[in-house]
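# Working through the structure, step by step
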Amino acid sequence: MAGSRGRGRSQFSFSVDALGFGRGDSLPSSAHTPSPLFPPMQFRPVPLHTGEEVDYMLALKQELRASSKNLPFHIKAARTKTDVAHYSDKYQNGETKNNCIEWSPDWSRMPKELCIKVRKPRKTGAKPQLTRKPKVAAGKEEVLQKLETLEKREEEQHSEEEEDEEKKKQNEEEPDADEDYDEEDLEDETDYIMSYFDNGEDFGADSDDNMDEAVY
Amino acid sequence: MTAQEVRLCGLLLQEHFGNVVEKVGTHLIRSGVLTLRALAHETKLPLDLVKKSLCVLVQHGMCTFGAGRRGPAGPVEYRINCERVFHMLRYPRYIYTAKSLYGDTGELIVEEILQRGQMTMSSTVKTVADRLTHNMPEGQSMDYSEVVSAFSQLVETHFLQRCPLASAGSSSSGAVDTPLPVATQPTEPESHPDCYKLPYINLTGQGKRRRSSEDGEADQCAAKKARTDDSECGDDRIYWQVNFQRFHLHFRDQAIISAVSCKLDQSSSEIVRTMLRMSEVTTPAHAAFTQALSANEIFRALLSSYNIARPILDQYLSLLVDDPMEFVGKTGDSGGGMYVVNLHRALANLARATLESVVQERFGSRSARIFRLLLRKRHLEQKQVEDFAMIPAKEAKDMLYKLLSENLVQLQEIPKTPDYAPSRTFYLYTVNQLPTARLLLQHSYKTVGNLMERRLYETKENKRLLEKSQRIEAILASLQATGAEAAQLTEVEEMITVPERQQLESLRHHINKLDSSENQVDETIFLLKSYINSTQASR
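Residues numbered from 1 in each chain as written. Chains lettered and ligands numbered in written order. Predicted model: local features only at pLDDT ≥ 70, side-chain atom pairs only at ≥ 80, totals over all residues. Heavy atoms only, no water.

In the annotation of an unreviewed UniProt entry, chain B is listed under the name DNA-directed RNA polymerase III subunit RPC3 and assigned to Sinocyclocheilus rhinocerous. Recorded in UniProt under Subunit (unreviewed entry), the annotation for chain B is "Component of the RNA polymerase III (Pol III) complex consisting of 17 subunits." Its UniProt record, at the heading Subcellular location (unreviewed entry), says of chain B: "Nucleus". (UniProt positions renumbered as here; feature names shortened; annotations may be inferred.)

Shown next as structure tokens:
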């Protein structure tokens with residue numbers, strides 16, 4: 001290859017002018033950086049198609065996207081259990097579990113190794129009630145016992161208030177509460193729990209000779 | 001699988017099925033074929049999640065499974081069908097086509113089957129009837145028979161087809177007779193003789209209107225009922241899927257007809273439409289041209305509404321044949337002249353027009369002129385390019401180098417001597433249509449990927465605002481349902497301030513624009529892909 005260098009040295013098949021620089025000129029500087037991420041455009045792009053067809057397909061696309069999030073095919077990984085137990089945990093039911101599949105495919109068309117338990121859809125209300133009822137039933141006897149002992153021991157407003165609050169909570173969850181509870185609340189057949197009502201007789205009974213202390 | 005294709009597949013899977021399926025899917029695409037254990041190990045996801053993802057992918061026909069390298073005794077291997085994932089981009093177009101051909105019923109049938117992958121006929125009919133009844137005014141309901149007739153029409157014209165037989169390895173009994181198909185060759189749906197045969201189902205009744213209050217119970221009852229009803233209807237185990245190839249042929253025909261009407265006129269496009277319609281069933285999918293049709297047949301098949309007389313038809317046909325686009329060709333003289341539609345040549349011309357238009361919009365009309373020149377004349381030297389294109393030397397050189405740097409134009413060296421000395425070599429510029437089409441196809445995939453990423457970014461940036469507006473809409477809806485006064489409604493509406501409203505409006509405008517662009521780029525993808533497939537089929 002080096003041997004034929006000498007012959008026909010300055011005869012090019014194309015004219016040198018066509019290259020864009022003359023002999024002896026330095027080559028145009030090479031780019032040292034990659035081309036810019038958003039190069040300036042020479043020509044503006046053509047506007048998008050418009051029309052009824054285009055609008056309908058746009059609406060279809062957005063609808064499909066939104067509805068596909070609600071289908072059972074949209075798989076979300078189950079949340080890993082954190083070490084801290086949150087209060088909201090008992091109110092969040094229907095959480096996806098990794099080992100259940102939310103829809104029932106035709107297993108005869110799939111390889112056997114993919115078979116996974118199918119999760120039965122259930123009403124959202126059913127689950128928490130079922131778990132709460134036995135807990136509440138178990139707690140009821142304990143509370144009753146506790147109340148009796150407390151009644152015998154002390155009759156201060158403080159402990160009574162506690163009991164009433166618990167009873168109130170029990171009453172809300174179980175409409176068929178015992179009549180024993182009603183006595184405390186409906187002594188005079190008012191909506192107010194008697195123990196809460198303070199008719200102001202004690203006000204001013206304390207001596208207010210020492211006005212050094214502030215009264216809140 | 002190129003990097004851009006993998007990226008686009010990942011984005012599409014994430015949009016429709018969530019992050020878990022996206023992870024599983026992209027890993028499977030990159031690896032080719034994998035077993036379940038290997039996939040779970042490599043993606044480091046829990047085995048159950050991988051199983052669920054594969055179930056979803058198999059249900060939608062995006063993943064095929066079969067006996068692996070170790071034969072039927074070894075573990076099952078899975079592979080992803082990338083083309084099927086790309087079809088997800090085109091779902092709105094399929095649904096709109098079904099609507100234009102078969103009305104709302106057809107549209108809903110195709111939409112349901114697309115969203116669920118495969119469905120039995122009875123479950124489709126019930127779901128669609130319920131949906132239609134929901135939209136109808138109070139008291140009316142949709143009869144099942146109407147939906148069944150729409151379904152049968154779709155099957156008769158081959159837009160829906162039965163799913164191919166499941167591989168026998170999944171059912172223990174049939175393992176002896178039919179060996180598992182090798183994972184590389186999935187069973188073609190058309191190889192099944194009953195591919196387009198409707199099953200006999202005894203399904204009578206009407207769509208049920210679902211009250212919003214009894215949603216939960218209705219779901220439970222419906223779920224229970226569906227299981228018992230399916231087996232009663234008699235079409236258990238017969239699943240239907242959308243026949244994408246048929247839709248693609250329809251799109252191709254539409255493209256040809258619109259091209260003819262743009263180039264010539266409305267009447268000639270009607271003639272081409274008639275010719276294509278007549279040869280719909282007789283032409284196989286990958287044929288280079290339709291069956292030969294005589295002019296007499298075309299005249300008889302022309303709808304009278306077009307009002308084309310016989311001698312006018314002959315003139316139009318000769319015009320179409322002489323057109324340089326070569327949509328229609330003449331293959332004989334019997335029966336008043338035998339004509340065919342040149343499908344592959346039409347696709348090549350459409351692809352060429354796409355390439356030219358891309359160059360024109362990107363680089364200007366003079367660069368487009370050079371590009372067209374090179375397409376026509378194949379190989380030209382730089383001097384010849386300047387002369388033929390009638391562009392001054394300096395500018396021509398600039399444009400040529402720019403096209404060269406973008407890889408749209410290639411340089412061919414023809415040496416005069418065995419050593420490629422530059423002084424003794426011809427340098428010819430050339431454009432090859434097929435590689436350039438592939439290049440533009442990859443650019444299009446990248447474009448759609450970019451559009452989707454930008455849309456996700458915009459949505460993420462304004463997530464807080466979107467959530468707030470959704471909550472306010474929900475509050476408004478519930479207030480209106482319970483009959484609140486106008487004062488309360490305006491008070492709730494004012495919770496969104498005016499600048500926030502403007503921001504929401506501009507966000508919505510941007511997302512609409514991005515979505516619309518995706519649809520439009522998909523049309524280009526379809527055209528280029530059909531052209532590339534047609535060249536591969538003819539080889």
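Past the structure itself, the notes keep going.
The next thing to look at is the overall build of chain B. Counting its secondary structure elements, chain B contains 21 helices and 12 strands. The 539 residues of chain B split such that 49% are buried. When contacts within chain B are restricted to residue pairs at least 6 apart in sequence, those whose partners lie at least 24 apart make up 66%. For chain B, the computed accessible surface area is about 27,000 Å², with 52% contributed by carbon and sulfur atoms. (Helix = DSSP H or I, 4+ residues; strand = E, 2+ residues; numbered from the N terminus. Buried < 20%, exposed > 50% of the residue type's maximum accessible area, 1.4 Å probe, protein only. Contact = heavy atoms within 4.5 Å. Areas by Shrake-Rupley, 256 points an atom, 1.4 Å probe, with all protein chains shown as cover.)

Looking now at the overall build of chain A. Across its full length, chain A carries four helices and two strands. Going from the N terminus to the C terminus, chain A shows its helices and strands as α-β-β-α-α-α. With 216 residues in all, chain A has 18% of them scored as buried. Within chain A, residue pairs in contact and separated by at least 24 positions form 32% of the contacts whose partners lie at least 6 positions apart.

Here the focus is the packing of aromatic side chains. According to the stated counting rule, one finds 12 aromatic pairs over all chains in the structure shown. Here A:Tyr56 and B:Tyr96 contribute two aromatic rings whose centre-to-centre distance is 5.7 Å and whose plane-to-plane angle is 55°, an arrangement assigned as tilted. Here B:Tyr96 lies in helix H6 (residues 91-116) and A:Tyr56 lies in helix H1 (residues 52-68), a pairing that spans two chains. For A:Tyr56, a relative accessible area of 27% corresponds to the partly exposed category. An angle of 55° between the planes, with centres 5.2 Å apart, marks the rings of B:Tyr94 and B:Phe247 as tilted. In this pair, B:Tyr94 is assigned in helix H6 and B:Phe247 in helix H10 (residues 244-263), connecting sequence segments 153 residues apart. Residue classification places B:Tyr94 among the buried residues on the basis of a relative accessible area of 0%. We classify B:Phe247 as buried; its relative accessible area is 1%. Site record: aromatic cluster; members linked through ring pairs are B:Tyr94, B:Tyr102, B:Phe159, B:Phe244, B:Phe247, B:Phe251 and B:Phe526. One cation-aromatic arrangement involves B:Arg246 over B:Phe159; the distance from NZ or CZ to the ring centre is 4.6 Å. (Phe/Tyr/Trp six-rings, centres within 6.5 Å; stacked < 30°, edge-to-face > 60°. Lys NZ or Arg CZ within 6 Å of the ring centre and 35° of its normal.)

The next thing to look at is the pairing of strand E9 (residues 338-341) of chain B. Residue and element names in this part refer to chain B. Burial along E9 is two-sided: Met338 and Val340 and Tyr339 and Val341, pointing in opposite directions, are all buried. Here two bridges tie strand E7 (residues 293-294) to E9, and the two strands are oriented antiparallel to one another. For Leu293, the partnering residue across the bridge sits in E9 and is Tyr339. In this structure, strand E8 (residues 328-332) lies alongside E9, joined through four bridges in antiparallel fashion. In the sheet register, Val328 faces E9, and the bridge partner there is Val341. A loop of five residues connects E8 with E9, the two strands running antiparallel in sequence, and Gly335 in this loop sits at a positive phi of about 65°. (Pairing = 2+ DSSP bridges.)

Attention now moves to the nonpolar core. Grouped together as the largest cluster of nonpolar side chains are 116 residues, with contacts concentrated most on B:Leu54, B:Tyr78, B:Ile109 and B:Leu374. In this structure, B:Leu54 is in contact with A:Leu114, B:Leu28, B:Leu36, B:Leu39, B:Cys63 and B:Tyr78, ignoring residues within four places of it in sequence. Judged by nonpolar contacts, the second largest core, of 26 residues, contains B:Val260, B:Leu293, B:Leu313 and B:Ala346. (Core = buried A, V, L, I, M, F, W, Y, C linked by side-chain atoms within 4.5 Å.)

Time to look at the sheet that holds strand E5 (residues 160-162) of chain B. Residue and element names in this part refer to chain B. With respect to topology, three strands assemble into an open sheet ordered E4-E6-E5, the strand pairing being antiparallel. The outermost strands of the open sheet, each flanked by one partner alone, are strand E4 (119-120) and E5. Those strands touched by H6 are E4, E5 and strand E6 (239-242), and its axis lies near 100° from that of E6. (Axes fitted to C-alpha atoms, helices over the stretch in contact; angles between N-to-C directions.)

Turning to helix H16 (residues 382-389) of chain B, a few remarks are in order. All names here are of chain B. All of the buried residues in H16 are Gln382, Val385, Glu386 and Ala389. Buried residues in H16, looked at end-on, bunch into an arc of 95°, giving them a common side. Contacts from the buried residues of H16 go to helix H15 (365-377), strand E10 (379-381), helix H17 (393-405) and strand E12 (425-430). (Arc of directions from axis to C-beta.)

With that settled, the discussion passes to the interface of chain A and chain B. Note: interface size is frequently given as the accessible area lost on complex formation between the parts. Taken together, the 57 residues of chain A in the interface contact 71 residues of chain B. Overall, the association of chain A and chain B removes approximately 5,800 Å² of surface from exposure, summing both partners, and the carbon and sulfur fraction of that is 57%. The largest contributions to the chain A side of the interface with chain B come from A:Phe73, A:Ile75 and A:Arg109, which together make up 14% of the buried area. Viewed at the interface, chain B and chain A are joined by two salt bridges. Linking B:Glu518 and A:Lys61 is a salt bridge whose minimum nitrogen-to-oxygen distance equals 2.9 Å. Remark: the boundary between chain A and chain B carries 17 residue pairs in polar contact (both at pLDDT 80 or more). Counting only elements with at least two residues in the side of chain A that touches chain B, the list comes to H1 and strand E1 (100-101) of chain A. The greatest single-element share of the side of chain A that touches chain B, amounting to 12 residues, is contributed by H1(A). (Buried area = accessible area lost by both parts, 1.4 Å probe. Salt bridge = Lys/Arg side-chain N within 4 Å of Asp/Glu carboxyl O. Polar contact = N/O pair within 3.5 Å; in protein donor to acceptor, adjacent residues only side chain to side chain.)

UniProt's entry tags residues 355-431 of chain B with the feature "domain: DNA-directed RNA polymerase III subunit RPC3 winged-helix" (unreviewed entry), counted in the numbering of this structure. Counting secondary structure, residues 355-431 of chain B comes out at 56% helix and 19% strand; the distance between its end C-alpha atoms is 11 Å.

All right, on to the packing of H6(B) against helix H8 (residues 144-156) of chain B then. Residues and elements named next belong to chain B. Relative orientation of the contacting elements H6 and H8 amounts to 75°, with a least axis distance of 9 Å. Taken together, the axis directions place H6 and H8 in an arrangement best described as roughly perpendicular. Residue-level contacts link Tyr102, Thr105, Gly106, Ile109, Val110 and Ile113 of H6 to Val147, Ala150, Phe151, Gln153 and Leu154 of H8. Taken together, the residues of the contact of H6 with H8 break down into eight nonpolar, three polar and no charged. (Parallel < 35°, antiparallel > 145°, perpendicular 65-115°, else oblique. Nonpolar A, V, L, I, M, F, W, Y, C, P; charged D, E, K, R; others polar.)

Residue and element names in this part refer to chain B. Phi is positive for His158, close to 70°, though the residue is something other than glycine. Considering the arrangement of structural elements, one finds His158 in the loop between H8 and E5. Of the residues examined, His158 reaches a relative accessible area of 31% and is grouped as partly exposed. Of note, the phi angle at Met390 is positive, near 60°, even though the residue is not glycine. In this structure, Met390 sits in the loop between H16 and H17.

Let us now look at the packing of H10(B) against helix H11 (residues 266-278) of chain B. All names here are of chain B. Between H10 and H11, the least distance of the axes is 7 Å, while the angle of their chain directions is 155°. As the angle between them shows, H10 and H11 are arranged roughly antiparallel. Viewed along their axes, H10 and H11 form a crossing whose handedness is right-handed. On H11, the residues touching Asp253, Ile256, Ile257, Val260 and Ser261 of H10 are Gln266, Ser268, Ser269, Val272, Arg273 and Leu276. Classifying every residue of the contact of H10 with H11 by side-chain character gives five nonpolar, four polar and two charged. (Left-handed = near helix turned anticlockwise from the far one by under 90°.)

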